[in-house]
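# Observations on the model geometry
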Amino acid sequence: MNKTFVSITMLIATFGLIVLVPVTGQAMSIYSPANPYWNESHCVTLNKTIKVFKIRNIDPQVNSYKVATYTVKKGDHFKLFHSAINVAWGLDSGRFNTGHQYTFEVDQSENNHSWFEFGIH
């Protein structure tokens, strides 16, 4: 008998039945806040006019409040981030520079991404 076959048979007899299960990857949407892609801001071009809220950051976050509302025009370019913690979509460039004191939150739902496209167009 073949030595390899005997070795495998002895291994199975010693350790029990070995079950091989194929491992498959799971696709994650580029727009999901859990995607590591959003650990940094990315350049986008707006496809439509949107509202941006200026939020005063207070600790704890539930005490943060809106201090201003801005309108941003279609065709403008910004660095955009996606956060699962405090805002769905936020801006981080130009006069809308999110930092320690203020967050600039885009008035769009977390799952809506039809209002921008990646890159500068």
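The structure this text deals with has already been given above.
Residues numbered from 1 in each chain as written. Predicted model: local features only at pLDDT ≥ 70, side-chain atom pairs only at ≥ 80, totals over all residues. Heavy atoms only, no water.

### Section: the environment of Ala 68
Counting through the fold element by element, Ala 68 comes out in strand E3 (residues 65–72). As for Ala 68 and Arg 56, which are separated by 12 residues in sequence, their C-alpha atoms are 9.3 Å apart. Not counting residues within four places of it along the chain, the set of residues in contact with Ala 68 comprises Val 52, Phe 53 and Lys 54. (Helix = DSSP H or I, 4+ residues; strand = E, 2+ residues; numbered from the N terminus. Contact = heavy atoms within 4.5 Å.)

### Some remarks on the nonpolar core
Within the largest apolar cluster, 16 residues are counted, with the highest numbers of intra-cluster contacts made by Leu 80, Trp 89, Leu 91, Trp 115 and Phe 116. Secondary-structure elements contributing two or more residues to this core are strand E1 (42–46), strand E2 (50–56), strand E4 (77–82), strand E5 (89–93) and strand E7 (102–106). Setting aside anything within four residues of it in sequence, one finds Leu 80 in contact with Trp 38, Glu 40, Ser 41, His 42, Val 44, Trp 89, Gly 90, Leu 91, Val 106, Trp 115 and Phe 116. (Core = buried A, V, L, I, M, F, W, Y, C linked by side-chain atoms within 4.5 Å. Buried < 20%, exposed > 50% of the residue type's maximum accessible area, 1.4 Å probe, protein only.)

### Comments concerning the environment of His 82
Structurally, the position occupied by His 82 is in strand E4. Given a relative accessible area of 4%, His 82 falls into the buried group. Beyond its immediate stretch of four places on either side in the chain, His 82 contacts Tyr 31, Pro 33, Trp 38, Ala 88, Trp 89 and Glu 110. In terms of polar contacts, His 82 uses its side chain to reach the backbone carbonyl oxygen of Ala 88, at 2.8 Å. (Polar contact = N/O pair within 3.5 Å; in protein donor to acceptor, adjacent residues only side chain to side chain.)

### Comments concerning the packing of aromatic side chains
On inspection of all chains with the given rule, the structure shows 12 aromatic pairs. On the numbers, 5.3 Å between centres and 85 degrees between planes, the contact of Tyr 37 with Trp 38 is edge-to-face. The class of Tyr 37 is partly exposed, set by a relative accessible area of 30%. Look at Trp 38 and you get buried, because its relative accessible area is 5%. Between Tyr 37 and Phe 118, the aromatic rings sit 5.8 Å apart at their centres with planes inclined by 85 degrees, giving edge-to-face as the arrangement. (Phe/Tyr/Trp six-rings, centres within 6.5 Å; stacked < 30°, edge-to-face > 60°.)

### Overview of unusual backbone geometry
Leaving glycine aside, a negative phi is the common case for residues, and trans is the common case for peptide bonds. Residue Pro 60 follows Asp 59 across a cis peptide bond; omega there is 5 degrees. Looking at the secondary structure, you find Pro 60 in the loop between E2 and E3.

### Considerations on the pairing of E7
As defined by bridge partners, E2 adjoins E7 across five bridges and the pair is classed as antiparallel. In the sheet register, Phe 53 faces E7, and the bridge partner there is Glu 105. Both E5 and E7 contribute to a ladder of two bridges, which runs antiparallel. Each residue of the ladder has a partner; that of Leu 91, found in E7, is Phe 104. (Pairing = 2+ DSSP bridges.)

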